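# Coordinates in review
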Amino acid sequence: MKGIILQGISKSFGDEVILDNINLKIPGGKFFALIGPSGCGKTTILRMIAGLEIPDRGSVFLGDQDITHVPVNKRSVNTVFQSYALFPHLNVFDNIAYSLRVRNFSADSILQKVEKVIRMFHLEPHLYKQISQLSGGQQQRVAIARAVINEPEVLLFDEPLAALDLRLREKVLLELIELQDHLGTTFVYITHDQTEALTVADQMAVMNQNGKIDQVGTPKEIYEHPKSVFVANFVGTTNIIQGVMVQHGEQWYLDVDKMICIAIKVPEGMEDIKAGDDACIGVRPEKIMISKSSLEGFSNNLSGIVQSIVYQGRFTQYNVRLQNGYMLQVFEQNEEHFAREVIDYDDHVYLYWQKDNVVLLKK
Ligand SMILES: Nc1ncnc2c1ncn2[C@@H]1O[C@H](COP(=O)(O)OP(=O)(O)OP(=O)(O)O)[C@@H](O)[C@H]1O
Ligand SMILES: [Mg+2]
């Protein structure tokens, strides 16, 4: 299956620069997610891949073919929109068959193809219903079936689940993962919901508000090793701490207000960092261990006072005030396999974590 390459894409609407020299490689045959805050230009990128928008500068490639100026209907690309964009006056069968009829397929082959996707999406009982007689989830399936029937090289999804409730969203997400596995088509999936992206994607890209892509990687790379404060904050929850870099022997530390010292590991590619530089680090709340007792074996050990405790079902969130006034969040799993100490408001606690769990972030 062919991948997509965006090469030096820029786009402005009036004076507003929406996309600023975007370079992105979307691998063929994979589930690729593009995430970013509302208004950052995700739909605009998708519309360029679909051919609904022409970039001011740069090129779009499908495999090794430059398709920047190829018209919509000549691209092997289909889109599933958030609004589904189904034809309200046609029934399910006719909605799905529509594009085949436009392309003059024979009645026999239309019937065959429609039956196949109908089975794939479990739409048999709804074949002759009008669109208005379907639930949101069923409409959703019709929209995907309609895109799949053309057997495109690339399927584009623009927040296709936004209108569904949480349960249904989770269900359809799993179906989409299976579908991608089964078809092997290149999927490009847009969402502003980072958990959705982490769940579905083989690879993902995170866009920022300035029309640029901050980071591309597997969900695990993005979550465990965010490169910027923006990505660390946008994907999951992170404690961000600012300070000054100091070095003792081989070991680097972040000095915070001359009160707190945090051991860190400087990653490859950031070796040009110098003692005295201002820096930002991130620590995920679930990487921190909270305890009232003093423990050995951690590269970081800070003390603080519990300010609030919020029960979150699967985990409990502790907000702990450090000596310098910084608040850190800690998530502790509520697994309760064995009895453990009870931590209360105003308790004096220690926070422990390993330096491998600290990421150095670009501002
Ligand atoms: N045809 C247009 N004319 C003028 N401005 C536009 C046009 N299309 C998009 N924009 C602007 O471009 C910016 C990016 O829009 P886009 O729809 O790509 O964002 P998005 O990332 O998909 O956001 P959301 O998550 O809310 O869907 C917005 O500020 C929007 O107002
Ligand atoms: Mg959008």
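Coordinates for the structure precede this section.
Computed from a predicted model, the values in this text were never measured in an experiment.

### As for the environment of arginine 101
Mapped onto the secondary structure, arginine 101 falls in helix α2 (residues 92–102). Using a count of 11 C-beta atoms within 10 Å as the deciding quantity, one classes arginine 101 as exposed. Separated by 199 residues in sequence, arginine 101 and asparagine 300 place their C-alpha atoms 66 Å apart.

### Description of the sheet that holds strand β15 (residues 289–291)
The sheet built from five strands is open, its strands ordered β15-β19-β16-β17-β18 with antiparallel pairing. Edge positions in the open sheet fall to β15 and β18 (327–333), since each of these has one partner strand only. Looking at each pair of strands side by side, their axes are set apart by 45° on average, direction ignored. Bridge count between β15 and strand β19 (residues 348–353): three bridges; the pairing is antiparallel. From the neighbouring strand, isoleucine 290 faces β19, where its bridge partner is leucine 351.

### So, the nonpolar core
Membership of the largest hydrophobic core comes to 82 residues, with the highest contact counts inside it found for Val188, Ile281 and Leu351. A total of six residues in this core trace back to one element, the largest contributor, which is helix α4 (residues 136–148). Two domains each donate at least three residues to this core, and these are domain 1 (4–233) and domain 2 (237–361). In this structure, leucine 351 is in contact with Ile288, Ile290, Leu302, Gly304, Val320, Leu328 and Val330, ignoring residues within four places of it in sequence.

### Details of the sheet that holds strand β4 (residues 57–62)
Spatially, β2-β1-β4-β5 is the arrangement adopted by the four strands of the open sheet, whose pairing is antiparallel. Both edges of this open sheet fall to β2 (16–26) and β5 (65–66), since each of them pairs with a single strand only. Here seven bridges tie strand β1 (residues 4–13) to β2, and the two strands are oriented antiparallel to one another. If you follow isoleucine 5 over to β2, its bridge partner there is lysine 25. Against the sheet, helix α1 (residues 42–50) contacts β1, β2 and β4, and its axis sits at roughly 60° relative to β2.

About the criteria used
Residues numbered from 1 in each chain as written. Chains lettered and ligands numbered in written order. Predicted model: local features only at pLDDT ≥ 70, side-chain atom pairs only at ≥ 80, totals over all residues. Helix = DSSP H or I, 4+ residues; strand = E, 2+ residues; numbered from the N terminus. Buried ≥ 20, exposed ≤ 12 C-beta atoms within 10 Å, placed from the backbone. Pairing = 2+ DSSP bridges. Axes fitted to C-alpha atoms, helices over the stretch in contact; angles between N-to-C directions. Core = buried A, V, L, I, M, F, W, Y, C linked by C-beta atoms within 7 Å. Domains from an automatic or database assignment. Contact = placed C-beta atoms within 7 Å.

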